[in-house]
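Working through the structure, step by step
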Amino acid sequence: MLRGTREHVLHGEERVLYARNRLLPGSKPAVSGGKPITEELATELRVVAFGTASCPPRGEWIRTPLIMRPADQPLGYGLAAPRNGTRSLLAGLQAHIIKWLLFDSRPVTKDNKSIEPPDSYLRPSEDRQEEALWRACSEVIWRCGGGFTAQGEAKATIALPTDSTYVQHSSQYYQDGITEKFQSEEGAGALLLLYAAMLSRGCENIKKDLDGKLTHLVSALVEGSLNVTTLLLTGRATPYLHNGVQYVGDEDHYAMPQFGVLSRSPVGLLVWYGVEENVAATINKPGSRLKTPALPIWVTCCSGHYGVLFNTNRELLRNYHAERRFDIHYYTCGGCHVLLNVDTRAHEDLGPMRTDDISATPLEKLILTKWQEAKITWSGATPFSGESPN
């Protein structure tokens, strides 16, 4: 079932997606309003997302729910999910959950300080977990629907579960138990969020965003595609991470526009490509609108591993003195959490760590793409240099 809605999605007057099911086992919330999905739309969704409608999507998209870790615990702010192709989507959602818990939900004071220590907001109660989850979902869906831009009328579309099947199995369409009826049995939250983002952006717009670089949105990479992440962060599934529009051509071809990140993102993105960094970074290096977001939260893609970096100080990127030496958290939906100290002050005794330093871990090399001259210290055990936290 599809439901179109206006700005009230962002403010959460209707709770659509839940952190956990509080209904009786086997029961589902009643759905009213909206319209059934059609065969044409179901087929288009599957083709644009996965490349085909004649076979089902990878099972991880049907079995990955939106589940928070235990409430009132040190990692209570985090989503819990196995490592699979949904990680690029979940990392984008996780960043917005942290954004709401740390900044959006905290009372604003004259000095931007809080009576409670920031870390206390990272141990939310069950009610705050639920609110953080539906607010984060609402924000990314509303952004995909154009809700934070001044161009045109914004409209978001939400995928809601029903018990009815609206599209029958055929040689052109293979039923997956979700798309043809948006049937949310246990564990389809990731797919429903992906579909809501796609429907709000529009399948035709997503194909334009991909610019012919990709034939469909979801890649076969182990932890998913950057295009899914950029869709959640910017509202556009662009494969280009540079600022604004660049015109690319040569003497044999007209210069064609490549639409990158058109405005500063509230949540940033840092990428380290691994052994091919020197080549790949020149092709698709994040611009300042992603590297310096409005708030100190970044989705990270480190050699194909997705996670979230964040700092609890709202003023970190606005205050030179705050950015000289600070702690930064790293979290993945697999439950990995580490705390690092980043020191950007000049050190005469120790030269700056280089990104080609074989002793540096991939995560350190990723952090150095933002703070090139930094000295990075781990507060706990350091992973092996060839590994990245899961």
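Placed above this text is the structure.
Below or above, wherever it landed, is the structure these notes cover.

Rules and cut-offs
Residues numbered from 1 in each chain as written. Predicted model: local features only at pLDDT ≥ 70, side-chain atom pairs only at ≥ 80, totals over all residues. Heavy atoms only, no water. Helix = DSSP H or I, 4+ residues; strand = E, 2+ residues; numbered from the N terminus. Buried < 20%, exposed > 50% of the residue type's maximum accessible area, 1.4 Å probe, protein only. Contact = heavy atoms within 4.5 Å. Areas by Shrake-Rupley, 256 points an atom, 1.4 Å probe, with all protein chains shown as cover. Phe/Tyr/Trp six-rings, centres within 6.5 Å; stacked < 30°, edge-to-face > 60°. Lys NZ or Arg CZ within 6 Å of the ring centre and 35° of its normal. Axes fitted to C-alpha atoms, helices over the stretch in contact; angles between N-to-C directions. Left-handed = near helix turned anticlockwise from the far one by under 90°. Nonpolar A, V, L, I, M, F, W, Y, C, P; charged D, E, K, R; others polar. Core = buried A, V, L, I, M, F, W, Y, C linked by side-chain atoms within 4.5 Å. Parallel < 35°, antiparallel > 145°, perpendicular 65-115°, else oblique. Pairing = 2+ DSSP bridges. Polar contact = N/O pair within 3.5 Å; in protein donor to acceptor, adjacent residues only side chain to side chain. Salt bridge = Lys/Arg side-chain N within 4 Å of Asp/Glu carboxyl O.

1. A look at the overall build of the protein chain
- Assigned secondary structure in the protein chain consists of 11 helices and 10 strands.
- Each of the 390 residues in the protein chain was classed as buried or not, and the buried ones make up 51%.
- In the protein chain, 66% of the contacts between residues at least 6 apart in sequence involve partners at least 24 apart.
- Entry remark: accessible area of the protein chain is about 18,400 Å², with carbon and sulfur atoms responsible for 51%.

2. Some points on the packing of aromatic side chains
- According to the stated counting rule, one finds five aromatic pairs in the structure shown.
- Considering the side-chain rings of Trp 298 and Trp 371, the 5.4 Å spacing of their centres and the 80° angle between planes classify their relative orientation as edge-to-face. Note that Trp 298 is positioned in strand S6 (residues 297-302) and Trp 371 in the loop between helix H11 (362-368) and strand S10 (375-378), a separation of 73 residues in sequence.
- Judged by its relative accessible area of 0%, Trp 298 is buried.
- Here a set of aromatic residues connected by ring pairs shows up, and it is made of Tyr 77, Phe 310 and Tyr 331.
- Here Arg 106 stacks its cationic end above the ring of Tyr 121, 5.2 Å away from the centre of that ring.

3. Quick look at the side chain of Ser 200
- With respect to the secondary-structure elements, Ser 200 resides in helix H6 (residues 189-201).
- The buried category is assigned to Ser 200, whose relative accessible area is 9%.
- Aside from chain neighbours lying at most four places away, what touches Ser 200 is Ile 141, Cys 144, Gly 145, Lys 155, Ala 156 and Thr 157.

4. A few points about the packing of helix H4 (residues 87-104) against helix H5 (residues 126-144)
- Contact geometry of H4 with H5 gives a least axis separation of 8 Å together with a crossing angle of 120°. The crossing of H4 and H5 is right-handed. Of the residues in H5, those in contact with Leu 93, His 96, Ile 97, Lys 99, Trp 100, Leu 101 and Asp 104 of H4 are Arg 128, Glu 131, Ala 132, Leu 133, Arg 135, Ala 136, Cys 137, Glu 139, Val 140 and Arg 143.
- Counted by class, the contact of H4 with H5 contains nine nonpolar, one polar and seven charged residues.

5. A few points about the nonpolar core
- Leu 89, Leu 93, Ile 97, Leu 194, Met 198 and Phe 310 are the most contacted members of the largest nonpolar core, which totals 74 residues.
- Contact partners of Leu 93, with chain neighbours within four places excluded, come to Leu 66, Leu 79, Leu 133, Ala 136, Cys 137, Leu 193 and Leu 232.
- Of all hydrophobic cores here, the second largest spans 23 residues; its members include Leu 270, Trp 298, Ala 322 and Leu 340.

6. Some thoughts on the packing of H5 against helix H8 (residues 226-234)
- Two elements in contact, H5 and H8, have axes whose closest approach is 7 Å; the angle formed by their N-to-C orientations is 95°. With respect to H8, the axis of H5 lies roughly perpendicular. Only Leu 231, Leu 232, Leu 233 and Thr 234 of H8 make contact with H5, whose side of the interface consists of Val 140, Arg 143 and Cys 144.
- Counted by class, the contact of H5 with H8 contains five nonpolar, one polar and one charged residues.

7. Let's talk about unusual backbone geometry
- For Asp 72, which is not glycine, the phi torsion reads 60° and is therefore positive.
- If you trace the backbone, Asp 72 turns up in the loop between helix H3 (59-63) and H4.
- Asp 72 gets classed as partly exposed once you look at its relative accessible area, which sits at 48%.
- The backbone of Asp 211 shows a phi angle near 60°, a positive value even though the residue is not glycine.

8. Considering the sheet that holds strand S7 (residues 305-310)
- Strand order in the open sheet formed by six strands is S5-S6-S7-S8-S9-S10, and the pairing between neighbours is mixed. With partners counted over all chains shown, the strands left at the sheet margins are strand S5 (268-272) and S10, one partner each. Strand after strand, the sheet turns through a mean of 30° between neighbouring axes, direction not considered.
- In this structure, strand S9 (residues 337-343) lies alongside S10, joined through four bridges in antiparallel fashion. Bridge pairing in S10 links Asp 343 to Lys 375.

9. Overview of the environment of Thr 238
- Of note, Thr 238 is situated in the loop between H8 and strand S3 (245-250).
- Those residues in contact with Thr 238 that sit more than four places away from it in its chain are Asp 209, Asn 227, Thr 230, Phe 259 and Gly 260.
- A polar side-chain atom of Thr 238 sits 3.0 Å from the main-chain amide nitrogen of Tyr 240.

10. Regarding the pairing of S7
- Of all six residues making up S7, six are buried, and the element is well covered by its neighbours.
- Here S7 shows no split at all, with His 305, Gly 307 and Leu 309 on one side and Tyr 306, Val 308 and Phe 310 on the other all buried.
- Where S6 meets S7, six bridges bridge the pair, whose relative direction is antiparallel. Bridging across to S7, Trp 298 finds its partner in Leu 309.

11. Brief notes about the side chain of Asp 343
- Structurally, Asp 343 is set in strand S9.
- Asp 343 gets classed as buried once you look at its relative accessible area, which sits at 5%.
- A distance of 2.8 Å separates a polar atom in the side chain of Asp 343 from a polar atom in the side chain of Arg 345.
- Those residues in contact with Asp 343 that lie beyond four places of it in its chain are Arg 324, Arg 325, Glu 373, Ala 374 and Lys 375.

12. A closer look at the pattern of salt bridges
- Per the counting criterion, the structure on display carries 11 salt bridges.
- In this structure, Asp 343 and Arg 325 form a salt bridge, with 3.8 Å as the shortest nitrogen-oxygen distance. Residue Asp 343 is found in strand S9, and its partner Arg 325 is found in strand S8 (residues 325-331); the two are separated by 18 residues along the sequence.
- A single salt-bridge network, built from bridges that share partners, covers Lys 99, Asp 104, Glu 139 and Arg 143.

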